[in-house]
Amino acid sequence: MNLLSQRRVFDGWLKRYMHHSDCLNCDMIFAIYLPPQAETQSVPVLYWLSGLTCTDENFMQKAGAQRVAAELGIAIVCPDTSPRGTDLPGEHDSYDFGSGAGFYLNATQAPWNQHYNMYDYVLDELPQLIKTHFLVTDRCSISGHSMGGHGALTIALKNPDRYGSVSAFSPICHPTQCPWGEKIFSIYLGNDKRNWEQYDASLLVSSSATATTKLPLLVDQGEADEFLIEQLQPSALKQACDEANYPLTLRLQPNYDHSYFFIASFIEEHLRYHAKALLS
């Protein structure tokens, strides 16, 4: 790994690293906040997944999470949202596909399957890298915003034994039935919609009705979010959870939109929610 930058923050360290990813077949950058406790003992980790057009920097610069993470003794890891430097045909043509839109899945269609395996990267490769190079425990949780909220929910629902807790801000809850998801899935996964279902949180909840492990979901959604009805569809997630008797706390926040101002307003509550699972 190559250290790109480091900044002292609330007696901890915010660092950015570049490394080569085998599953993405390119160089990747991630950010990690190490609380002051990490200088003398192992600490648990919260993985944060960002949304469309974002990088590893958005959350670390805008969410204001470091103060509470330092108090609680929790490290925060922010991967980038997509493979970088691949320059595939059409990769940079629109904001909601390719660059900045990895969607936290494993692509099956060429040429995207050569690089767009963000699911494997977030679930396995990056955590192993973090465990190898930093003083962290095996306990981790996951959260995210928008496309990253979709990633956090689907990864946790598919791997409930890997995480202590999961939460999301404004997640894309039913991507098989929204314009963002339909566009991304058709290109990355092909036209057989049965292959899309494994990356749809609402459908995963429905299929987990008999699962022995049900990781509770915490979702915050702004009621003034411009993407609420067409793209995010939290009502579909709620309906699925109600029908499957799946534990969901869905908080609709009046007058809040899709921005990082919304995240900054409630991130402390999410961090303390995760701390109950990570530090108990």
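Just so you know, these numbers come straight off a predicted model, no measurement behind them.

Rules used in this analysis
- Every chain is numbered on its own, with residues counted from 1 as its sequence reads.
- Reporting of local features is limited, given that this is a predicted model, to residues whose pLDDT is at least 70; pairs of side-chain atoms are given and counted only at 80 or more, and all residues count toward the totals for whole chains, interfaces and linings.
- Hydrogen atoms and water are omitted, and side-chain values are computed over all heavy atoms in the structure.
- A run of H or I in DSSP counts as a helix once it spans at least four residues, and a run of E counts as a strand once it spans at least two, with each numbered from the N terminus.
- Three labels apply to residues, based on accessible area from a 1.4 Å probe with only protein chains included: buried if under 20% of the type maximum, exposed if over 50%, partly exposed otherwise in between.
- Pairs of residues are marked as contacts when any of their non-hydrogen atoms sit within 4.5 Å.
- UniProt positions are given in the numbering used here, feature names are shortened, and annotations may be inferred rather than shown by experiment.
- The arc in question is the one traced by the directions running from the helix axis out to the C-beta atoms.
- Salt bridges are counted wherever a side-chain nitrogen of Lys or Arg sits within 4 Å of a carboxyl oxygen of Asp or Glu.
- In protein, a polar contact requires one atom able to donate a hydrogen and another able to accept it; more generally it is a pair of N or O atoms within 3.5 Å, and residues adjacent in sequence count only if both atoms are side-chain atoms.
- When the sulfur atoms of two cysteines come within 2.5 Å, that pair is taken as a disulfide.

Undergrad: Looking at this model, I keep getting lost on the overall build of the protein chain. Mind explaining?
TA: Check the secondary structure of the protein chain and you find 9 helices and 9 strands. When its C-alpha atoms are laid out on the principal axes, the protein chain stretches across 50 × 40 × 35 Å. Taken over 280 residues, the protein chain has a buried fraction of 58%. Residue pairs in contact within the protein chain that sit at least 24 positions apart in sequence constitute 72% of those at least 6 positions apart.

Undergrad: Would you mind going over the UniProt feature "active site" (unreviewed entry) in the protein chain with me for this structure?
TA: What UniProt calls "active site" (unreviewed entry) maps, in this numbering, to Ser146, Asp225 and His258. Judged by maximum C-alpha separation, these annotated positions cover 113 residues in sequence but sit close together in space, the widest gap being only 10.8 Å. By the secondary structure assignment, Ser146 is in the loop between strand 6 (136–144) and helix 4 (147–158). With residues near it in sequence (within four places) discarded, Ser146 still touches Gly51, Phe169, Ser170, Pro171, Ile172, Trp180 and His258. When residues no more than four places from it in sequence are discounted, the contact partners of His258 are His145, Ser146, Ser170, Asp225, Glu226, Phe227 and Leu232.

Undergrad: For this particular structure, what's the right way to read helix 5 (residues 179–189)?
TA: Owing to its 3.6 residues per turn, the α-helix aligns residues three or four sequence positions apart on the same side. Those residues of helix 5 lying buried are Trp180, Gly181, Ile184, Phe185, Tyr188 and Leu189. Viewed end-on, helix 5 has its buried residues packed into an arc of 105 degrees, placing them on one side of the element. Buried residues in helix 5 make contact with helix 7 (228–232). Directly beyond the C-terminal end of helix 5, a positive phi value near 95 degrees is found at Gly190.

Undergrad: I'm lost on the pattern of salt bridges in this one. Help?
TA: When their charged atoms lie close together, side chains carrying opposite charge are able to pair. This structure, assessed with the given rule, holds 14 salt bridges. Arg16 is the salt-bridge partner of Asp56, the closest N and O atoms lying 2.8 Å from each other. A residue pair is termed long-range when its members are at least 10 positions apart, and Asp56 in the loop between strand 4 (43–49) and helix 1 (57–62) and Arg16 in strand 2 (residues 12–21) qualify at 40 residues. A salt bridge links Arg272 to Glu71; its shortest N-O distance comes to 2.9 Å. Taken together, the residues Arg272 in helix 9 (residues 260–278) and Glu71 in helix 2 (residues 66–72) connect sequence positions 201 residues apart. Each of Arg67, Glu71, Glu268 and Arg272 takes part in one network of salt bridges that share partners.

Undergrad: Honestly, the side chain of His19 in this entry has me stumped. Any pointers?
TA: Looking at the secondary structure, you find His19 in strand 2. A relative accessible area of 7% means that His19 is categorised as buried. A polar side-chain atom of His19 sits 2.8 Å from a polar atom in the side chain of Tyr121. Among all residues touching His19, those that are not within four sequence positions of it are Met1, Cys26, Asp27, Met28, Phe30, Tyr121 and Leu129.

Undergrad: What's the story with the environment of His174 in this structure? I'm lost.
TA: Here His174 lies in the loop between strand 7 (166–169) and helix 5. What makes His174 buried here is its relative accessible area of 16%. Between the alpha carbons of His174 and Leu203 there is a distance of 7.6 Å; along the sequence they are 29 residues apart. Non-local contacts of His174, meaning those with residues more than four positions away in its chain, are made with Asp200, Ser202, Leu203, Leu232, Gln233 and Ala236.

Undergrad: I would appreciate a short explanation of the state of the cysteines in the present structure.
TA: Simply put, the disulfide is a covalent bond whose two ends are the sulfur atoms of two cysteines. Evaluated as defined, the whole model comprises 0 disulfides. Summary of cysteine pairing: Cys23 is not part of a disulfide, and the nearest cysteine sulfur, belonging to Cys26, is at 8.5 Å.

Undergrad: Would you mind showing me how to read unusual backbone geometry here?
TA: Both trends apply: most residues other than glycine have a negative phi, and most peptide bonds are in trans. The omega angle of the peptide bond from Ala110 to Pro111 is 0 degrees, so this bond is cis rather than trans. Note on placement: Pro111 falls in the loop between strand 5 (75–79) and helix 3 (118–133). With phi around 45 degrees, Phe10 is a residue other than glycine that occupies positive phi space. Structurally, the position occupied by Phe10 is in the loop between strand 1 (2–9) and strand 2.

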